2 protein chains.
Amino acid sequence: MQKAVLQIQVQDTLFVKDPTSSTIGKSILEHGLILLSEIGLEEFTFKKLARKISSTESTIYRYFENKHQFLSYLFNYYWAWMDVNIAFATTNIDDSEERLRRIMRVITQKVDNDLRTPFIDEALLQEVISLESSKTFLSKKVDEENKAGYFLQYKKVIDRIVSVMLELNPDYSYPNALVTTILESSFHQRYFSNHLPKLSNSMDNPNRLENFLLDLCLNTLYHHGK
Amino acid sequence: MQKAVLQIQVQDTLFVKDPTSSTIGKSILEHGLILLSEIGLEEFTFKKLARKISSTESTIYRYFENKHQFLSYLFNYYWAWMDVNIAFATTNIDDSEERLRRIMRVITQKVDNDLRTPFIDEALLQEVISLESSKTFLSKKVDEENKAGYFLQYKKVIDRIVSVMLELNPDYSYPNALVTTILESSFHQRYFSNHLPKLSNSMDNPNRLENFLLDLCLNTLYHHGK
DNA sequence: CAAATATAATAGTATTACTATCAATTTAGG
DNA sequence: CCTAAATTGATAGTAATACTATTATATTTG
């Protein structure tokens, strides 16, 4: 009997020592994600995580420079994983609009834990990234981190979606802006529905979120400039 | 000769003691904003601000519980001020689409320092809020803060824009989501253009940003469900 | 089995995020 | 103008955060 395994890779600027290379590293990822989901980035500390995994702060610091790098690691892991999902959902589909529809579905649906990746619970990861991802780039260190490749996986997904949009309308002037607007909105609208309902319109049902964003996207692409 | 003064009010849950009620309070606002724009929220501390205004931490704590409350104060100030601007830009305009166009212009243009408000530099405020506003709501304390009215001024602006959108298309299902998507995108696309250009398409020119968002908005409203 | 490497345990530092106390100063009311 | 009340400044202190350093003990690898 064969067990399917999915290896997600992120750049080596996102860690000091590769956490997937050891048992304790994987434990840091697994329980770090759980702790983040429980208390949020502001309250999250390496000391609390060390206590949780019965280890020490210094051990965690050997894997990640600080919690911001840890978050950025998860951020890239999420988009690397999404990239795989999007690629899978769109292979062998010839029609561009159908490809875009499938992409939007992948983006807006709630994900389930992918059992091919043993130490990362993707359902939890999506929750955490929804709430915290903006904090990866909204900082004064953004330029430095951008140079270090902190956003590469995200850019890869953006490129992939942009190219499908340009198949639908090669003259559209703002494909990258449209993609990031949609991706961010996808995170935030669901969050708003749960916490700030007046900032949204009941997006806890993923089909409504999909409908909202797909509509936005297709209308913009098809009617641009008219 | 008369000097025009514009009084912007925020709720009393956003401060311990009203900073506009004293000279030192105004100095906290003025130089707090400057310091925030210089070093960002993560590096910002009341100790550094106290040094800057030749006062003490304890004095600042008498005005604001912590830096998060200070940021939320500025966030509400910004939206209260934007509400005034939007109201002004749309009075006596009968045509709904023209009203929406004017709103989009107000939102996407770079603002100048409003000289009617002596201690707040609105141009700086816009920069700061662009970068930091998401942090006001992306926190585990959001429900509690929502109850305390931390987002009231923002909701007021959303309501105002929603009602114009519904004039254009009363059947549109996601007006609130569309408004927040546009408002957030407006902040982030300009930021991306400056720092993560691959996530956007040269939005440093406000006219392009306006064009992008207006197009998005009108196409979505006019072609919804088709 | 030895050498190299990783981890745990412990200690320590500077800074953050506050709270408390009290004297000096400013302001407001009569 | 004087007194009482409120505000601010100066100082101190605490617990937690965000690290760095050292060394002994495991564990892994060749």
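Residues numbered from 1 in each chain as written. Chains lettered and ligands numbered in written order. Predicted model: local features only at pLDDT ≥ 70, side-chain atom pairs only at ≥ 80, totals over all residues. Heavy atoms only, no water.

### Things to note about helix α6 (residues 122-137) of chain B
Residues and elements named next belong to chain B.
Inference 1: Here α6 spans 21 Å end to end across 16 residues, near enough to the 22 Å set by a 1.5 Å rise per residue.
Inference 2: For α6, the principal kink sits at L131 and spans about 50 degrees.
Inference 3: Burial within α6 is extensive, with 14 of its 16 residues counted as buried.
Inference 4: Structurally, the start of α6 carries an N-cap: the backbone nitrogen of A123 is 3.0 Å from a side-chain oxygen of D121. (Helix = DSSP H or I, 4+ residues; strand = E, 2+ residues; numbered from the N terminus. Expected span 1.5 Å × (residues − 1). Bend = angle between axes of the 7 residues up to and from the residue. Buried < 20%, exposed > 50% of the residue type's maximum accessible area, 1.4 Å probe, protein only. Polar contact = N/O pair within 3.5 Å; in protein donor to acceptor, adjacent residues only side chain to side chain.)

### A look at the protein's contact with DNA strand C
Inference 1: In the region of DNA strand C, 18 residues are neighbours, and I24(A), S55(A), Y63(A), Y61(B) and N66(B) sit closest.
Inference 2: Close to the protein, within 4 Å, the atoms of DNA strand C belong to sugar or phosphate groups at a rate of 60%.
Inference 3: A distance of 3.1 Å is found between a sugar or linking oxygen of DNA strand C and a side-chain nitrogen or oxygen belonging to Y61(B).
Inference 4: The set of elements that each furnish at least two residues to the surface near DNA strand C consists of α3 (57-61) of chain A together with α3 (57-61) of chain B.
Inference 5: Ranked by residue count, the leading element in the surface near DNA strand C is α3(B), at three residues.
Inference 6: Looking at the surface near DNA strand C residue by residue, the classes come out as three nonpolar, nine polar and six charged. (Near = heavy atom within 4 Å. Nonpolar A, V, L, I, M, F, W, Y, C, P; charged D, E, K, R; others polar.)

### Looking at the nonpolar core
Inference 1: Within the largest apolar cluster, 158 residues are counted, with the highest numbers of intra-cluster contacts made by I161(A) and I161(B).
Inference 2: Non-local contacts of I161(A), meaning those with residues more than four positions away in its chain, are made with I86(A), L100(A), I103(A), I107(A), V179(A) and L183(A). (Core = buried A, V, L, I, M, F, W, Y, C linked by side-chain atoms within 4.5 Å. Contact = heavy atoms within 4.5 Å.)

### Here's the deal with the packing of aromatic side chains
Residues and elements named next belong to chain A.
Inference 1: Taken as a whole and judged by the stated rule, the model has 32 aromatic pairs over all chains.
Inference 2: Relative to Y174, the ring of Y172 lies with its centre 6.0 Å away and its plane at 80 degrees, an arrangement referred to as edge-to-face.
Inference 3: Look at Y172 and you get buried, because its relative accessible area is 4%.
Inference 4: Through successive ring pairs, a cluster of aromatic residues spans F15, F44, F46, Y61, F64, F70 and Y73. (Phe/Tyr/Trp six-rings, centres within 6.5 Å; stacked < 30°, edge-to-face > 60°.)

### Describing the relation of the copies chain A and chain B
Inference 1: Superposing chain A onto chain B takes a rotation of 180 degrees combined with a translation of 0.0 Å along the rotation axis, leaving an RMSD of 0.0 Å. Taken together, the rotation and translation relating the two chain copies correspond to the operation of a two-fold axis. Residue N219(A), judged by its C-alpha, is the member of chain A lying nearest the rotation axis, at 2.8 Å.
Inference 2: A symmetric contact is evident, with 100% of the interface residues of chain A recurring at the interface of chain B. (Least-squares fit on C-alpha atoms with pLDDT ≥ 70 in both.)

### Examining the side chain of Q153(B)
Inference 1: Along the polypeptide, Q153(B) turns up in helix α8 (residues 152-168).
Inference 2: Setting aside residues no more than four positions away along its own chain, Q153(B) makes contact with Q9(B), Q11(B), N76(B), W79(B) and A80(B).

### Here we look at the protein's contact with DNA strand D
Inference 1: Taken together, 17 residues sit near DNA strand D, with N66(A), I24(B), S55(B), T59(B) and Y63(B) positioned nearest.
Inference 2: For DNA strand D, the fraction of protein-proximal atoms (within 4 Å) that sit in sugar or phosphate groups is 58%.
Inference 3: Here Y61(A) contributes a side-chain N or O atom positioned 3.1 Å from a sugar or linking oxygen of DNA strand D.
Inference 4: Here T59(B) contributes a side-chain N or O atom positioned 3.1 Å from a phosphate oxygen of DNA strand D.
Inference 5: Those elements that place two or more of their residues in the surface near DNA strand D are α3 of chain A together with α3 of chain B.

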